[in-house]
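As a plain string of letters, each chain reads:
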Amino acid sequence: MKTNLHFIVNPIAGKGRNELSTDMLEAFFPNSEYAVSIKKTEFVLHAKALAKASIEEGAQIIVACGGDGTINEVASCLVNTSVVLGILPMGSGNGLASNLRIPKNLKKALNIIKNQKVMTIDTGTVNNEPFFSNTGVGFDAHVISDFEENTTRQLFSYVQSTWRTLKKYNYKNVVELKYNGTTELISPFLLFVSNSNEMGYKMSLTPQASLQDGLLDVVIVPKLSRFKLVLFTMLFLFKKHHWLKEVRFQQLTALEIKSLDNTILKVQCDGGSVTQQYSKLLKYFLKA
Ligand SMILES: Nc1ncnc2c1ncn2[C@@H]1O[C@H](COP(=O)(O)OP(=O)(O)OP(=O)(O)O)[C@@H](O)[C@H]1O
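It should be emphasised that the depicted structure is a prediction, and the values quoted were computed from it without experimental measurement. (Residues numbered from 1 in each chain as written. Predicted model: local features only at pLDDT ≥ 70, side-chain atom pairs only at ≥ 80, totals over all residues.)

### Brief notes about the environment of Gly95
Part 1 of the argument: Within the element layout of this structure, Gly95 appears in helix H4 (residues 95-99).
Part 2 of the argument: Here Gly95 falls in the buried class, since 28 other C-beta atoms lie within 10 Å of it.
Part 3 of the argument: Distance from Gly95 to His142, taken between C-alpha atoms, is 19 Å for residues 47 residues apart in sequence.
Part 4 of the argument: Beyond its immediate sequence surroundings of up to four residues, Gly95 is in contact with Asp68, Ser133, Ser196, Glu198, Met199 and Gly200. (Helix = DSSP H or I, 4+ residues; strand = E, 2+ residues; numbered from the N terminus. Buried ≥ 20, exposed ≤ 12 C-beta atoms within 10 Å, placed from the backbone. Contact = placed C-beta atoms within 7 Å.)

If you want it as structure tokens, here you go:
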């Protein structure tokens, strides 16, 4: 019986203009052994609808071709199913693919799919919405929110968004955190929850995180002085932010973040979808 293999391509991810040639796919996946289907996303969340349709069409492997946002949309539909997720990194940061050591080189990445090297990874949820790489409430969410308004999706756009956010970010929010039997109040600069050891572009707030350890790695950073903010940024670039005493790390399987002043929290989930994810109470869980 032929393997039913579907590719869902986000044409605007990364540098944009992403395409897959049928000829190239046929060379890897001959018609005699595979029934290949290629679908293109046309709008935000389209990958989700296409993945659901592919499952109904009997796909056994669905390949997300894009960045962490595309992977999130496709993989969300595959959790707790027997359908296998494939990844062709075509995004900007490609954090999850990099953590999984999936090369950006198309042919090498296709070889991994062809060899059907399958592994199981942990899945996090925030208010029941799955995430696979990371999510956050705080500075990262505001950077992503600014980034979403950019027309280009490249490293320079992230740098611009980070700079703009640094200038305007304020710390009015007070939130209550509940985890591991502890409750604390914090006015956060950063509350970053990660399953993966990479955010993209080889950068990481949680280099020690593992996709298979059954734990979420959380970085908690309170409001910082301007001097400490610059220091934090410099240290982060060299993965040395743990040198600052204000930076705390936790490993956990459940976390609750509650906005105490009734402010709606801005949330980023796998580097996108900020507008879908505003809430006053966020419940995070890890499903190993
Ligand atoms: N045709 C389209 N037009 C506009 N947006 C789209 C289209 N297809 C998909 N999208 C949206 O593009 C967004 C970005 O996708 P993705 O995260 O995969 O790329 P990226 O941001 O460049 O990469 P990374 O997340 O690795 O940095 C997703 O939120 C997705 O819903």
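There is more to say, and it comes next.
### Focus on the site of the ligand
Part 1 of the argument: Around the ligand sit 25 residues in total, of which Ala13, Gly66, Gly67, Gly69 and Gly91 are the nearest.
Part 2 of the argument: Here the shell around the ligand gets four residues from one element, more than from any other, and that element is helix H3 (residues 68-78).
Part 3 of the argument: Residue composition of the shell around the ligand, by class: six nonpolar, 15 polar and four charged.
Part 4 of the argument: Each of domain 1 (3-119) and domain 2 (129-287) gives at least three residues to the shell around the ligand. (Near = placed C-beta within 6 Å. Nonpolar A, V, L, I, M, F, W, Y, C, P; charged D, E, K, R; others polar. Domains from an automatic or database assignment.)

### A closer look at the domain arrangement of the protein
Part 1 of the argument: By the assigned domains, the protein splits into domain 1 (3-119) and domain 2 (129-287).
Part 2 of the argument: The C-alpha centroid of domain 2 is placed 27 Å from the C-alpha centroid of domain 1.
Part 3 of the argument: Listed by partner, the interface residues are 18 residues for domain 1 and 20 residues for domain 2.
Part 4 of the argument: At six residues, the largest contribution of residues to the side of domain 1 that touches domain 2 is made by H3.

### With respect to H3
Residues spaced three or four apart along an α-helix point in a common direction, a consequence of the helix completing one turn every 3.6 residues.
Part 1 of the argument: Burial analysis of H3 places 11 of its 11 residues in the buried class, the great majority of the element.
Part 2 of the argument: Within the sequence span of H3, burial applies to Asp68, Gly69, Thr70, Ile71, Asn72, Glu73, Val74, Ala75, Ser76, Cys77 and Leu78.
Part 3 of the argument: Among the residues trailing H3, Asn80 stands out with phi positive, at a value near 60°.

### Points about the sheet that holds strand S12 (residues 248-252)
Part 1 of the argument: Read from one edge of the open sheet, five strands run S12-S11-S10-S7-S14, paired in antiparallel fashion. The open sheet terminates on both sides in strands that have one partner only, identified here as S12 and strand S14 (267-269). Averaged over all adjacent pairs, the angle separating strand axes in this sheet is 15°, with direction ignored.
Part 2 of the argument: Of the strand pairs in this sheet, strand S7 (residues 134-138) and S14 are connected by three bridges, and their pairing is antiparallel. From the neighbouring strand, Thr135 faces S14, where its bridge partner is Cys269. (Pairing = 2+ DSSP bridges. Axes fitted to C-alpha atoms, helices over the stretch in contact; angles between N-to-C directions.)

### A word on the pairing of strand S9 (residues 182-186)
Walk down a regular strand and you will see the side chains alternate between the two sheet faces.
Part 1 of the argument: For strand S8 (residues 175-179) and S9, the ladder comprises five bridges, and the chain directions are antiparallel. Looking across to S9, one finds that Tyr179 is bridged to Thr182.
Part 2 of the argument: In textbook terms, the turn of a hairpin is the stretch between consecutive antiparallel strands, and for S8 and S9 this stretch comprises two residues, one of which, Asn180, has a positive phi near 45°.

### Here's the deal with the sheet that holds strand S2 (residues 34-40)
Part 1 of the argument: If you walk across this open sheet you meet the four strands as S2-S1-S3-S4, and the pairing is parallel. The open sheet terminates on both sides in strands that have one partner only, identified here as S2 and strand S4 (84-89). Recorded for the sheet is a direction-independent mean angle of 20° between the axes of neighbouring strands.
Part 2 of the argument: The sheet strands contacting H3 are strand S1 (3-9), strand S3 (61-66) and S4, and the helix crosses S3 at an angle near 160°.
Part 3 of the argument: Strand contacts of helix H5 (residues 106-114): S3 and S4, with the helix running at about 170° to S4, the strand carrying the most contacts.

### Section: the packing of helix H2 (residues 46-56) against H3
Part 1 of the argument: Their axes nearest at 8 Å, the elements H2 and H3 cross at an angle of 35°. As H2 runs across H3, the sense of the crossing is right-handed. Together, Ala47, Lys48, Ala51, Lys52 and Ile55 of H2 and Thr70, Glu73, Val74, Ser76 and Cys77 of H3 make up the contact between the two elements.
Part 2 of the argument: Of the residues contributing to the contact of H2 with H3, the split by class is five nonpolar, two polar and three charged. (Left-handed = near helix turned anticlockwise from the far one by under 90°.)

### What to know about unusual backbone geometry
Part 1 of the argument: If you check the backbone angles, Tyr201 has positive phi at about 55° while not being a glycine.
Part 2 of the argument: With respect to the helices, strands and loops of the structure, Tyr201 is situated in the loop between strand S10 (188-194) and strand S11 (216-222).
Part 3 of the argument: Since 15 C-beta atoms lie within 10 Å of it, Tyr201 is described here as partly exposed.
Part 4 of the argument: Even without a glycine there, the phi angle at Asp270 is positive, about 50°.
Part 5 of the argument: Position of Asp270 among the secondary structure elements: in the loop between S14 and strand S15 (281-287).
Part 6 of the argument: Take Asp270: there are 27 C-beta atoms within 10 Å of it, and that puts it in the buried class.

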